[in-house]
Amino acid sequence: MKPVESLRRRATPVIEWALPYWTRGKAGRETPEDLFRLLYLGWLVAFSFKVLGASWDVSWHFKWLRDDLAPPHLLNSVGTAVALALTIIHLYTGYGVDRLAQRLIAWGTGIFLLAVPLDLINHRVNGLDITSWSPSHLMLYIGTLFMICGVIRGWFVRAVPGRTRTLVLGGLFVFLFENVWFPEQHQEYGVYGLAAWDRGTPEAEPILIRFAADQIGLPVDDRAVALHFTLPVPDALYPLYAAMAALLVAVYARAMIGRMFSATAVIGAYVAFRMLIWPLLAAAGFPRSAVPVFLIAGALAVDLAFLIRMPVVRALVGSLGAVVLVDQALRLQNAAFMSPPLVPPMTMLIGGAGLAVLWLAAEWSFDRHTLRAQDREAVVSATATP
């Protein structure tokens, strides 16, 4: 049998199964269980390609001059293609999502697709733009953030309570955390890059260092070139972002997964992935990075805070405890291994205040959108019972 005929024979049953579902409908329509699981398996595949590509991408850009068709970009493109196909399915058929989830996915995909050409134009106009914190890069993260939030919402609202629901929800939160944390990797790679420069063994290729030097008009051997290249943002950004953005994800993970140590499991899984991926990249000759092990302490504080029954007290006490533990754990990590530059402990008061405000808003949203695990499971069980 010829390869084309074999492929046609295998594809025919799949097409015959899928075609009856290709009908226009509104969000929230009843979705067959097999179709629902297939759609969200597709999202897990899409986000897996995205994480693999992104993890390689940041290391790649600390070594090589930018290339639109670099292998990490191609991996990301596979994930983007799968995500775009799933977005079209959700928008056209209304299967697998409620109205809010559909809107989040649509807006996220739209922002991401708009950011791609803007980022290409930015690189053509401004050159290297190594920083993860540039406007066009932030648009990519924000688009992906909305997209993943929509997928989390869709699974959370519709999935039947049980182990599969919990595991998939936890996995989706790991993908969400990876996306939120991604820009912080610039500083985590940067401290190793600057240390390598100071040792006289820079990890970046000469063409990349020359490019960076030409951008700021300094000689290649000037340390300011390395500093501009590796740590181009204020030192306070790293710990404050950790205290607010990272721990806010932990708060939502704990509330929506609804199991003790959910937040610790989500952030612990991300840290474990980073501890696995950087030795593989280093073995292949790519730069190393610091790993944010200290975040596990903050996640544990969030989990313990949920033992407090009163939402307002939980948010205030939890914010204080989580930020103190994050600050101290970061200092221990800095002393024992390596981390981005530290800031005075008083600076972390800003992070604590910011997290308290965000946590209080999160507590309001849990009730407003029925985002507590036990509340949602009660709704799903009630609607699934004849």
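Residues numbered from 1 in each chain as written. Predicted model: local features only at pLDDT ≥ 70, side-chain atom pairs only at ≥ 80, totals over all residues. Heavy atoms only, no water.

## Brief notes about the overall build of the protein
- Each helix and strand in the protein was counted, giving 15 helices and zero strands.
- Per-residue burial for the protein yields a buried fraction of 48% across its 386 residues.
- Within the protein, residue pairs in contact and separated by at least 24 positions form 76% of the contacts whose partners lie at least 6 positions apart.
- Roughly 18200 Å² of accessible area belongs to the protein as shown, and the carbon and sulfur atoms make up 70% of that amount. (Helix = DSSP H or I, 4+ residues; strand = E, 2+ residues; numbered from the N terminus. Buried < 20%, exposed > 50% of the residue type's maximum accessible area, 1.4 Å probe, protein only. Contact = heavy atoms within 4.5 Å. Areas by Shrake-Rupley, 256 points an atom, 1.4 Å probe, with all protein chains shown as cover.)

## Focus: unusual backbone geometry
- Here Phe261, not a glycine, exhibits a phi torsion of approximately 70°, which is positive.
- By secondary structure assignment, the location of Phe261 is in the loop between helix H10 (237-257) and helix H11 (262-283).
- Residue Phe261 is classed as partly exposed on the basis of its relative accessible area of 41%.
- Look at Thr370: it is not a glycine, yet its phi comes out positive at around 50°.
- If you trace the backbone, Thr370 turns up in the loop between helix H14 (348-368) and helix H15 (373-384).

## Section: the packing of aromatic side chains
- Taken as a whole and assessed by the stated rule, the structure comprises 16 aromatic pairs.
- Relative to Phe294, the ring of Tyr238 lies with its centre 6.0 Å away and its plane at 50°, an arrangement referred to as tilted. With Tyr238 in helix H10 and Phe294 in the loop between H11 and helix H12 (295-305), this pair connects stretches of sequence that are 56 residues apart.
- Note on Tyr238: relative accessible area 2%, which makes it buried.
- Above the face of the Tyr95 ring, Arg29 is positioned so that its terminal group lies 4.1 Å from the ring centre.
- A cation over an aromatic ring shows up here: Arg314 above the ring of Phe306, its NZ or CZ 4.8 Å from the ring centre. (Phe/Tyr/Trp six-rings, centres within 6.5 Å; stacked < 30°, edge-to-face > 60°. Lys NZ or Arg CZ within 6 Å of the ring centre and 35° of its normal.)

## Focus: the pattern of salt bridges
- As enumerated under the stated definition, the model contains 11 salt bridges in all.
- Its salt-bridge partner being Arg158, residue Glu33 comes within 3.5 Å of it at the nearest N-O pair. Residue Glu33 is found in helix H2 (residues 33-61), and its partner Arg158 is found in helix H5 (residues 135-158); the two are separated by 125 residues along the sequence.
- A salt bridge links Asp303 to Arg254; its shortest N-O distance comes to 3.7 Å. Within this pair, whereas Asp303 is found in helix H12, its partner Arg254 is found in helix H10, the two being separated by 49 residues in sequence. The pair formed by Asp303 and Arg254 is uniform in burial state, with each residue classed as buried.
- One network of salt bridges, in which partners are shared, links Glu30, Glu33, Arg37 and Arg158. (Salt bridge = Lys/Arg side-chain N within 4 Å of Asp/Glu carboxyl O.)

## Description of helix H6 (residues 163-181)
- The end-to-end C-alpha distance of H6, which contains 19 residues, comes to 27 Å, matching closely the 27 Å that a straight helix rising 1.5 Å per residue would cover.
- Counting buried positions along H6 gives 14 out of 19 residues, so the element sits mostly inside the fold. (Expected span 1.5 Å × (residues − 1).)

## Focus on the side chain of Thr144
- Looking at where Thr144 falls in the secondary structure, it is placed in helix H5.
- Apart from the residues within four sequence positions on either side, Thr144 is in contact with Lys50, Phe112 and Asn179.

## Thoughts on the confidence of the model for the protein
- Taken as a whole, the protein shows an average pLDDT of 86; of its residues, 83% reach a score of 70 or greater.
- At the level of individual helices and strands, the protein shows its lowest average pLDDT in H15, which scores 64, and its highest in H12, which scores 97. (pLDDT = per-residue confidence, 0-100.)

## Side note on the nonpolar core
- Core analysis: the largest hydrophobic core is formed by 85 residues, its most contacted members being Trp43, Phe173, Phe177, Trp181, Phe294 and Val302.
- Per element, the largest residue contribution to this core is 14 residues, and it comes from H10.
- Among residues more than four places away in sequence, those in contact with Trp181 are Glu188, Tyr238, Tyr241, Ala242, Ala246, Tyr270, Arg274, Pro292, Phe294 and Leu295.
- Core analysis: the second largest hydrophobic core is formed by five residues, Val191, Leu194, Leu231 and Ala290 among them. (Core = buried A, V, L, I, M, F, W, Y, C linked by side-chain atoms within 4.5 Å.)

## Observations regarding the packing of helix H13 (residues 311-336) against H14
- Viewed as axis vectors pointing N to C, H13 and H14 meet at an angle of 145°, and their least axial separation amounts to 8 Å. Along this stretch, H13 crosses H14, giving a crossing that reads as right-handed. Residues Pro311, Val312, Arg314, Ala315, Leu316, Gly318, Ser319, Ala322, Val323 and Asp327 of H13 form the contact with H14, whose participating residues are Met348, Gly351, Gly352, Leu355, Ala356, Trp359, Leu360 and Glu363.
- The residue makeup of the contact of H13 with H14, split by class, is 11 nonpolar, four polar and three charged. (Axes fitted to C-alpha atoms, helices over the stretch in contact; angles between N-to-C directions. Left-handed = near helix turned anticlockwise from the far one by under 90°. Nonpolar A, V, L, I, M, F, W, Y, C, P; charged D, E, K, R; others polar.)

## A short note on the packing of H10 against H14
- Running from N to C, H10 and H14 cross one another at 25°; their axes reach a closest spacing of 9 Å. Relative to H14, the element H10 lies roughly parallel. H14 is crossed by H10, and the crossing has right-handed handedness. Residue-level inspection shows Pro239, Leu240, Ala243, Met244, Leu247, Leu248, Val251, Tyr252 and Ala255 of H10 in contact with H14, the latter providing Met348, Ile350, Gly351, Gly354, Leu355, Leu358, Trp359, Ala362, Ser365 and Phe366.
- Within the contact of H10 with H14, the residues separate by chemical class into 16 nonpolar, three polar and no charged. (Parallel < 35°, antiparallel > 145°, perpendicular 65-115°, else oblique.)

## Considerations on a nonpolar patch on the surface
- A contiguous nonpolar surface patch, about 550 Å² in accessible area, is contributed by Ile15, Leu19, Trp22, Leu84, Ile88 and Leu113.
- Along the polypeptide, Ile88 turns up in helix H3 (residues 71-93).
- Ile88 gets classed as partly exposed once you look at its relative accessible area, which sits at 44%. (Patch = residues over 30% accessible without salt bridge, like charges linked within 9 Å, V, L, I, M, F, W, Y side chains within 5 Å.)

## Considering the environment of Ala246
- Topologically, Ala246 is positioned in helix H10.
- Residues Ala246 and Glu178 lie 68 residues apart in sequence; the distance between their C-alpha atoms is 9.5 Å.
- Discounting chain neighbours no more than four positions away, the residues touching Ala246 are Phe177, Trp181, Tyr241, Ile267 and Leu295.

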